[in-house]
Amino acid sequence: MSAVEAVILTIITASTPLLLAAVGELVTERSGVLNLGVEGMMIMGAVCGFVAAHVTGSAAVGILAGLIAGIAMSLIFAFLTQTLMTSQVATGLALTLLGLGLSGLIGESFTGQPGVKLAALTIPVLSGIPFLGPILFGQDILVYLSLALTAAVAYVLFRTRTGLIISAVGGNHHSAHALGYNVIGVRYACIAFGGACSGLAGAYLSLVYTPQWIENMSAGRGWVALALVVFATWIPKRVLIGAYLFGTVWIMGLYVQALGVAIPSQLLSSLPYLVTIAALIIISGNRTITKVNTPACIGQPFAPER
Amino acid sequence: MRNIIGSIVIGLAITIAGTAHAADKLKVGFIYVGPIGDHGWSYQHDQGRLALEKELGDKVETVFVEKVAEGPDAERAITRLARQKAGLIFTTSFGFMNPTLKVAKKFPKVKFEHATGFKRSKNVGTYNARFYEGRYINGKIAAKMSKSGVAGYIASFPIPEVVMGINAFILGAQTVNPDFKLKVVWVNSWFDPGKEADAAKVLIGQGADILTQHTDSTAAMQIADEKGVHAFGQASDMIKFGPKAQLTAIINNWAPYYIERAKAVLNGTWKSVGSWKGLTAGTVKMAAYTNMPAGVSKMAAETEAKISSGELHPFQGPIYKQDGSLAVPAGKTLGDGPLLGMNWYVKGVDGKLPK
Amino acid sequence: MMLVLERRAAQSMAMTFLSPALAIAITVVIGGVIFTSLGLDPLKALYIYFIEPVTSLWSIEEVIVKAAPLVLIGVGLSVCFTANVWNIGAEGQLTIGALFGAVIPIYFTGWQSPLVLLLMLVLGALGGALFAAIPAFLKTRFNANEILTSLMLVYVAQLLLDWLVRGPWRDPQGYNFPQSVPFEGWQLLPVLGEGRVHIGAFLAVIAALVLFFMMDRSLRGFEIRVVGRAPRAGAFAGFAEKRVIWFCFLLSGALAGLAGLCEVAGPSGQLQPNISPGYGFTAIIVAFLGRLNPIGVIFAGILLAISYLGGEAVQVELGISDKTAQVFQGILLFLILACDTLIHYRVRFASAVVKQA
C-alpha cells in the first residue's frame, strides 16, 4: 500500500461521519429548524451503536441502534421546539449537554472493551484493482451510504414535490401553512431525519473509526458538521466537498508531522478550525449566495394563530 | 473571624483524623487524571489499588476519584479525600504537583505521594517508573521484526519522560540495526483515540511496519491489528485489542509500590522519598512476548534479564545527539538528573523535537 | 388526546417565579429515579448531591470558588443572548484573557506592586474583549454565523495556550514540563483569609449588579432587549444592530477574559495547558438557568456549582459516575426551557381538534 493510497483511505474514514451528520442537519435546516444538538445526537448514536453491537455481536444491529438513538434524541428536541415552542438555540445546546452526559453514563461499563468492527465490503474483482480498487470498491457500507444519501437528498430536495414542500416550510412557514401544509409535521419529520443521520455518524465512529467506546469520542465533530452546512449554503453537493475538504486538512496535519517537518503540531492541529472559519467568511461574505440559499425562517418557531 | 473558624474546623478535623487512625483502617486515597476504563494509565493505577485492597484488606480501605482535571479542580478533589480522613493519598499525574503540595501544607499529618513529579516536601514524596527500560527492549524487538526498517511512534507531548522513551526505543533498535528509522507524530493529548488511530494510519502509510505509542488508548493497536502490522501495548496489556499485532506491552505495575508505601504508613516508618524503580523492582513489567519467532523472544527475555540485574543500562555510552555531539562517552551511563530533564533526540530519529 | 397550547393574554407573573422552581423539582424527582435505578438510596444520594455541599464551611468556600467564574461569564452571556447574539466562544475568550494577563508575571517576573494586580485584571479583560472582537467583526462585516466562528476560535485559543505553555513560556526551572513560572506576591489574587475565595467572587457579584441595572434601567439595556426581540422595530427606533453586536461581544468577552485571568492568578497560580474545566460552556447553561437576568445568573451559578460539587462528592462517597452531574444539568436545562413555555402559554389537553378548512 503506497503512502498516497493510505492517506486517501484515511481521509475517507475521517470525512464520512462529517458528511453523514451534515447531510441530515441540512435537511433539518431546510425545513427551517436549527438543531445545535448534532454533537449530542452523534455521541448517543456512538454509545448505543457500540453497546448494541457489543451485546449482540453484530455490527448491523449496532448501526440500527445508533440510528434509533439519534432519532429518539431528535424527537425530544422536536417536542420542545415545535410543540412547546422553546428557543431552538438553547434547546439544541441542552440536547448536546444531555447527550454527552447520558452517553457517558450508559457507556461507563463498556469503556475499554474491544468493539465489533463493521467489515469493509470486498466487491469481487473490482476491489482487487491496484490503488483504485480499495479506494473505490473496498469501503464499508456506511461510506457508500453517505454518498448515496447525499445524492438522494439532493434529488429529493430539488426534484420532487416533497423537497418543494420542505423548502416552502423553511422559506415561509406562514404561506406554507396557509396553503394547507402541516408545517409542524414536516418539521418533525425533517428533525427526525437529521437525528437519524447524526446517529448513524456516531455509530460509524464507534463501529468503524475506532471500534471502542470512549467518552466524548465525537470530539467536536457535531459542531464541524453544523459549520459544514453553512459552508455548503444548504446545498448537498457542496456538503460533500466541505466534508472531504475538512477531512483532508485534518489528516494532512498529521501527515506533515510524520514527514518530520518542523511546524509546531499545535499549529497543524488548529488548521482545520482556521480553514473552517475562512470558509465561513468566504461563503457568508457573499451576501447574494447567502440570501438566495438560507432558509428564511430558520430558527423561528412556528405559531399558527390559534 | 472566618480565619479563626476555619482553623478551628481544620484543627478539629485533623485531631479527629489523628485519633481515628489508631482505631480504624488506614484510608488510602487515589486521584486519577483519566477514567479507570481507559485501559491505560489510570486503569493500571487502579489495578494497583485493587491489589493493595486484596493484600492488606484487613488494615486498609481505599477510595478514589477519577477524571480529575489538572488545574484548580484538582486541589479540591485532593482536599476532599484528605477531609475524608485519608491517611495516604496517591496523586497520579504530573499536573497534580502544585495542588498536592498546597493541600499537603494544610494537612501535615496526611502522607502524599505524587507520581511523575519532582517537588517533594516533608509529607510529599514522589514516585515514577523506569519505563524507558521497557522501551529499550521494545526497540530491539522492533528492529528484529521490522521488514521496512521503519517504526512509527505516536507521542503525546514533548516532555522529558516521552523524549526519554523515544530515545530508549531507538537506542535499543540501533543495537540490532544501526540504520533503523523512527518517525514521530505528536497528537498533543494523552488520550485521543480518533487522533491516535489517524496517526497510526498515516505512519503505516509512510512505511512504518511497527507501531509504538506514548498515549493511553488502544486505538493504534486496533489499527495495527487491522492493517497487519505489529505494535507494542502501552501501560497495560493490550492483547485483547491486537491479538495478531501485539508483540509485547510495557505494563505499569504499581501494586508492589503501593503495598510497600501503605505498609510504611501503617508501621509509622513512612518518609518522603523520590522513588524511581523499573524492571528490577517489578514496577515495570513486560507482557508475554507473542507473535514473534522463538529467537526474538529469547533475545527479548535475555535483554530484560540483563537490565533487571543491572548489567545493562539502556543509556550507556557512547550516545550521540541528533546534531552529532557526544552526549554520553563510552563506558559511562547517563545519570538520573540529565534523564529527567531530557530534551534532545538521539541520532537516528526523523524530524526535529518540538521546542 | 392532544397537547394544545393557548397563548396567554399576558405573561403569567406566578409562572415567572414558579417555572424555575418547578423545573428544579422535576429534576430532583428524575434524579431520584435515576439513583434508584442504579441501586442506591435515592434520598441519601440526593442529600449528598444537593444539600451536603452547603453544610460545611470548606464546601461553601469551594462552591463560591467554582461559582465565581460561572457567574462572571454568565452575566456577560445573559446580556448577549438577550440580544440574540450567540457568543458560544466564551471558553476561548477566557483562555486569551488569561494569556494576556499572564504576560506580566512571565516577562516582568520580579515586578511587585499593587499596580501589577490592577494591570493584570485590565489585561485579562482586554484580551478577552479583543478575542471576542473577531467573531463580532466576522458577523458584522461578513455575516458569518457567530455561533460557529466563536466556537472554532475556542479550539484555536486552546491550541495557542498549549503551544505557549509547552514552548516559549515554559518555566525554565520546570524540567521541561508544560507550565509557566509560578505567579508570586501581587501577581496572585488576594484571598479571603486562608481559604481559596478570591476577589473574582466579588468581581462577579459587582458585574451582576452593574449589568442588572444596565439592562433594567438604562437606554443601552432597552436597546439590547428590543434588538433581541424585534430587530425590525429596533431598526425603526434607530437602534443599530451592528452596534449592539459589537457591544455584546466586547462586554461578554471582557468578562470571560477577566474570569480566565482570575482562574490562573487565583486557584491555579500559574499557566498550565488546562486552565478551565469548560467554564465558558457551562456559563451558557448558567445564563439560561438564570433566565438571562444578571441577578438570576448569580443564583444559577451557585446552583450549578453545587451540582458540580455534589457530583464529585457522590463519586467519592457512593462510587457513582460524575457523569450524573452533566445529565442533571442537561435535564434541568430542558425542563427550564419547557417550563418557561408555561409563562407564555396555557397547556390544554384537547380531546379532539377541529381541522381548519
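Quick caveat: nothing in here was measured; it's all calculated off a predicted structure. (Residues numbered from 1 in each chain as written. Chains lettered and ligands numbered in written order. Predicted model: local features only at pLDDT ≥ 70, side-chain atom pairs only at ≥ 80, totals over all residues.)

### Observations regarding the overall build of chain A
And step 1. Broken down by element type, chain A carries 13 helices and 0 strands.
And step 2. With the C-alpha coordinates aligned to their principal axes, the bounding extent of chain A is approximately 65 × 45 × 40 Å.
And step 3. The buried share of chain A, taken over its 306 residues, is 58%.
And step 4. Of the contacts formed within chain A by residues at least 6 apart in sequence, a portion of 79% connects residues at least 24 apart. (Helix = DSSP H or I, 4+ residues; strand = E, 2+ residues; numbered from the N terminus. Buried ≥ 20, exposed ≤ 12 C-beta atoms within 10 Å, placed from the backbone. Contact = placed C-beta atoms within 7 Å.)

### Here we look at the nonpolar core
Side chains that are nonpolar tend, in soluble globular proteins, to be buried together.
And step 1. Residues A22 and L228 of chain A, V185 of chain B together with L72 and I73 of chain C are the most contacted members of the largest nonpolar core, which totals 332 residues.
And step 2. The element best represented in this core is helix α9 (residues 183-209) of chain A, accounting for 17 residues.
And step 3. Counting only domains with at least three residues in this core, you end up with domain 1 (2-129) and domain 2 (132-252 + 283-340) of chain B.
And step 4. Among all residues touching A22 of chain A, those that are not within four sequence positions of it are A225, L228, V229, V239 and A243 of chain A. (Core = buried A, V, L, I, M, F, W, Y, C linked by C-beta atoms within 7 Å. Domains from an automatic or database assignment.)

### Comments concerning the interface of chain A and chain B
And step 1. Opposite the 28 residues of chain A that make contact, chain B presents 30 residues.
And step 2. Those elements giving two or more residues to the side of chain A that touches chain B turn out to be α1 (3-30), α11 (236-258) and α12 (265-285) of chain A.
And step 3. By residue class, the composition of the side of chain A that touches chain B is 17 nonpolar, 10 polar and 1 charged. (Nonpolar A, V, L, I, M, F, W, Y, C, P; charged D, E, K, R; others polar.)

### Things to note about the environment of S113 of chain C
Residues and elements named next belong to chain C.
And step 1. Following the sequence through the fold, S113 ends up in the loop between α4 (90-107) and α5 (114-142).
And step 2. Owing to 10 C-beta atoms within 10 Å, S113 belongs among the exposed residues under this scheme.
And step 3. The spacing of S113 and G185 is 72 residues in sequence and 8.5 Å in space, taken between C-alpha atoms.

### Comments concerning the sheet that holds strand β6 (residues 150-155) of chain B
Residues and elements named next belong to chain B.
And step 1. Pairing in this open sheet of 6 strands is mixed, and the strands run β7-β6-β8-β9-β10-β12 from one edge to the other. One side of each edge strand has no neighbouring strand; the edge strands of this open sheet are β7 (181-186) and β12 (284-286). Across this sheet, the average inter-strand angle for adjacent strands is 15°, counted without regard to direction.
And step 2. In the sheet, β6 pairs with strand β8 (residues 210-213) via 4 bridges, with the strands oriented parallel. (Pairing = 2+ DSSP bridges. Axes fitted to C-alpha atoms, helices over the stretch in contact; angles between N-to-C directions.)

### Thoughts on the interface of chain C and chain A
And step 1. On the side of chain A, 38 residues touch chain C, which itself brings 36 residues to the contact.
And step 2. Elements represented by at least two residues in the side of chain C that touches chain A include exactly β1 (2-7), α5, α6 (146-166), α11 (279-289) and α13 (323-344) of chain C.
And step 3. Here the side of chain C that touches chain A gets 13 residues from one element, more than from any other, and that element is α13 of chain C.
And step 4. For the side of chain C that touches chain A, the residue count by class is 22 nonpolar, 9 polar and 5 charged.

### What to know about the sheet that holds strand β2 (residues 60-65) of chain B
Residue and element names in this part refer to chain B.
And step 1. Sheet architecture is open: 6 strands sit in the order β2-β1-β3-β4-β5-β11, paired in parallel fashion. Since the sheet does not close on itself, it has two edges, and those belong to β2 and β11 (274-277), each with one partner. The sheet shows a mean angle of 20° between the axes of neighbouring strands, direction not considered.
And step 2. Strands in contact with helix α4 (residues 97-106) are β3 (88-91), β4 (111-115) and β5 (124-129); relative to β4, the strand with the most contacts, it is inclined by about 175°.

### Description of helix α1 (residues 13-37) of chain C
Residue and element names in this part refer to chain C.
And step 1. The first and last C-alpha atoms of α1 sit 37 Å apart over 25 residues, in line with the 36 Å expected at 1.5 Å per residue.
And step 2. In the structure, α1 departs most strongly from a straight axis at S19, where the bend amounts to approximately 35° and where the proline P20 lies between one and four residues downstream.
And step 3. Those residues of α1 that sit buried are S19, P20, A23, T27, G31 and F35.
And step 4. Contact partners of the buried residues in α1: α2 (42-51) and α13. (Expected span 1.5 Å × (residues − 1). Bend = angle between axes of the 7 residues up to and from the residue.)

### Quick word on α6 of chain C
And step 1. Between its first and last C-alpha, α6 of chain C extends 30 Å over 21 residues, near the 30 Å set by a 1.5 Å rise per residue.
And step 2. Across the 21 residues that make up α6 of chain C, a large majority, 19, are buried.

### A word on the pairing of strand β1 (residues 26-31) of chain B
All names here are of chain B.
And step 1. A large share of β1 lies buried, amounting to 5 of its 6 residues.
And step 2. Bridge analysis of β1 against β2 gives 6 bridges, and the strand direction is parallel. What sits directly across from F30, in β2, is F64.
And step 3. Summarising the sheet, β1 and β3 pair through 4 bridges and their orientation is parallel. Among the inter-strand pairings, I31 is bridged to a residue of β3, identified as T91.

### Remarks on the packing of α11 of chain A against α12 of chain A
Residues and elements named next belong to chain A.
And step 1. Two elements in contact, α11 and α12, have axes whose closest approach is 9 Å; the angle formed by their N-to-C orientations is 170°. Comparing their axes, α12 and α11 come out roughly antiparallel. Between α11 and α12 lies a crossing of right-handed hand. Seen from α11, the contacting residues are F246, V249, W250, G253, V256 and Q257; seen from α12, they are S265, L268, S269, L271, P272, V275 and T276.
And step 2. In the contact of α11 with α12, the residues fall into 8 nonpolar, 5 polar and no charged. (Parallel < 35°, antiparallel > 145°, perpendicular 65-115°, else oblique. Left-handed = near helix turned anticlockwise from the far one by under 90°.)

### Looking at the environment of L145 of chain A
And step 1. Looking at the secondary structure, you find L145 of chain A in helix α6 (residues 141-159).
And step 2. A sequence separation of 14 residues divides L145 of chain A from F131 of chain A, and the C-alpha atoms of the two residues are 22 Å apart.

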